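# Architecture at a glance
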Amino acid sequence: MQQGDPLYRYHRQTLLAGFGAEGQERLGAGHAVVVGVGALGCPAADLLVRAGVGRVTLIDRDVVEMTNLQRQTLFDEADARAGRAKAEAARRRLEAVNSQARVEGVVGDCCARTAESMMLDGPLGRADVIVDGTDNFETRFLLNDVSVKHALPYVYGGAVGTRAVCATFRPPQTACLRCLFETPAPGSTETCDSVGVLAPVATMVGAREALEAMKILTGRADLASRSLLSFDPWLGERRGLDLGGAKRAGCECCGRREFGFLAGDRGGRTTAMCGRGAVQVSPESAGGDVDLGAVLARLSIHGAFALEEGVVRGEFAGELGDAGGPVRLTVFGDGRAIVHGTTEPSRARVVYAKYVGG
Ligand SMILES: [Zn+2]
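### Notes on the coordination of the zinc ion
Those donors, Cys176 (SG), Cys179 (SG), Cys251 (SG) and Cys254 (SG), are the protein atoms that reach the zinc ion, and they lie 2.2 to 2.4 Å from it. Coordination geometry of the zinc ion: the four donor atoms subtend angles of 95 to 123° at the metal centre, consistent with an arrangement described as tetrahedral. Look at where the donors of the zinc ion fall in the sequence and you get C-x2-C-x71-C-x2-C. Residues Cys176 and Cys179 agree in their burial class; the two are buried.

Quick look at the structure:
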């Protein structure tokens, strides 16, 4: 391989034993869909595009904010000032990094209505692997439904605080996400917006997700990780759970093939409250008891909130509603919440996922 050869830029990678020009050509023919272009999706997409993955679709519903720049490595201050859509800002950046790659930015919500078409019939065609850059379990269970239903490999990752978790699911050969996790109770899940996140930890997860995707795209799925790895590099802790025996015959998703999240009959519901400029969000497991004290502690970082008579309510300092006024939030003991100041269900879901969790 010589200068002038289009594959020359990948020379250091093709030198690897067992990779070679053949691995490079397979990467060039591959298509990764990165769902969520945040702390995990930025490094994952960056590494995949630099490695020469031929088609990369980026899906994100959010815009760049100044507090993203600490860890979301594809964005800069100009993106935050302009409030650019993340999928679009990331696409521009990645096209400058590697003009050989076809990069598509999809500014939108990956939800029950859109998830299958986004993974199967997007502008760049059917995905070969789904890379998880999401920040909530509702979307992850949705991706897991798509993964199992269509036998699409799903590289799962998460980072909150100083902790990280990664796994690679390749249905039907392996367990799926739902074999491992039940639906978390609303308000019980910490998020980056409530407890923070350390950028190098998120970047480690994003890098690992890119690595796993590269194994799959080069036809070396046999090398994919076979464990659910959780680690805290800040505290120096590390645990692995062997996924070999984790597949449950009775799993609702991969066992019984019931795709409730995809059908829209599982997962949170939103109801616009006519005339009130508000949307009610009822999470998947509404009805359980939520620790409102913990919800209050997390919300208090972001505005003036109080717990009175079994309800947490208050307003955010930095979230503006549809009309430019503050976004107010009321959280009930059963996990339901009313987001005031917007009539957009998707916006209300984002506020709920960011600050209440689940
Ligand atoms: Zn399963």
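Back to the text.
### Some words on the domain arrangement of the protein chain
Here the domain parsing of the protein chain yields domain 1 (8–263) and domain 2 (269–355). Taking only C-alpha atoms, the centre of domain 1 and the centre of domain 2 are 28 Å apart.

### Section: the packing of helix H3 (residues 41–51) against helix H5 (residues 86–97)
In the contact formed by H3 and H5, the axes pass within 9 Å of each other and the chain directions differ by 30°. It follows that H3 is roughly parallel to H5 by the angle criterion. Read as a crossing pair, H3 and H5 show a hand that is right-handed. Residues Ala45, Asp46, Val49 and Arg50 of H3 pack against Arg93, Leu94 and Val97 of H5. Among the residues forming the contact of H3 with H5, the class breakdown is four nonpolar, no polar and three charged.

### Some points on unusual backbone geometry
Cis geometry is found at the peptide bond from Pro171 to Pro172, where omega equals 5°. Position of Pro172 relative to the elements: it lies in the loop between strand E6 (163–169) and helix H8 (177–180). One non-glycine residue, Ala151, lies in the positive phi region at around 50°. Take Ala151: it is sitting in the loop between helix H7 (137–149) and strand E5 (154–160). Relative accessible area serves as the criterion here: at 41%, Ala151 is assigned to the partly exposed category. The phi torsion at Arg257 lies on the positive side, around 55°, for a residue other than glycine. As for its placement among the helices and strands, Arg257 is situated in the loop between strand E8 (237–242) and helix H11 (260–263).

### Looking at the sheet that holds E6
Pairing is mixed across the open sheet formed by eight strands, whose spatial order is E3-E2-E1-E4-E5-E6-E7-E8. Where the open sheet ends on each side, the last strands, each with one partner, are strand E3 (102–107) and E8. Strand-to-strand twist in this sheet, taken as the mean axis angle between neighbours without regard to direction, amounts to 15°. Where strand E1 (residues 31–35) meets strand E4 (residues 129–132), four bridges bridge the pair, whose relative direction is parallel. Counterpart to Ala32 in the pairing with E4 is Val129. Strands in contact with H3 are E1, strand E2 (55–60), E3 and E4; relative to E1, the strand with the most contacts, it is inclined by about 165°. Helix-sheet contacts for helix H10 (residues 199–217) involve E1, E4, E5, E6 and strand E7 (227–232), and the interaxial angle to E5 is about 175°.

Rules and cut-offs
Residues numbered from 1 in each chain as written. Predicted model: local features only at pLDDT ≥ 70, side-chain atom pairs only at ≥ 80, totals over all residues. Heavy atoms only, no water. Donors = N, O, S within 2.8 Å, 3.2 Å for Na, K, Ca; no water. Tetrahedral: all angles 85-135°; square planar, octahedral: opposite > 155°, others 65-115°. Buried < 20%, exposed > 50% of the residue type's maximum accessible area, 1.4 Å probe, protein only. Domains from an automatic or database assignment. Axes fitted to C-alpha atoms, helices over the stretch in contact; angles between N-to-C directions. Helix = DSSP H or I, 4+ residues; strand = E, 2+ residues; numbered from the N terminus. Parallel < 35°, antiparallel > 145°, perpendicular 65-115°, else oblique. Left-handed = near helix turned anticlockwise from the far one by under 90°. Contact = heavy atoms within 4.5 Å. Nonpolar A, V, L, I, M, F, W, Y, C, P; charged D, E, K, R; others polar. Pairing = 2+ DSSP bridges.

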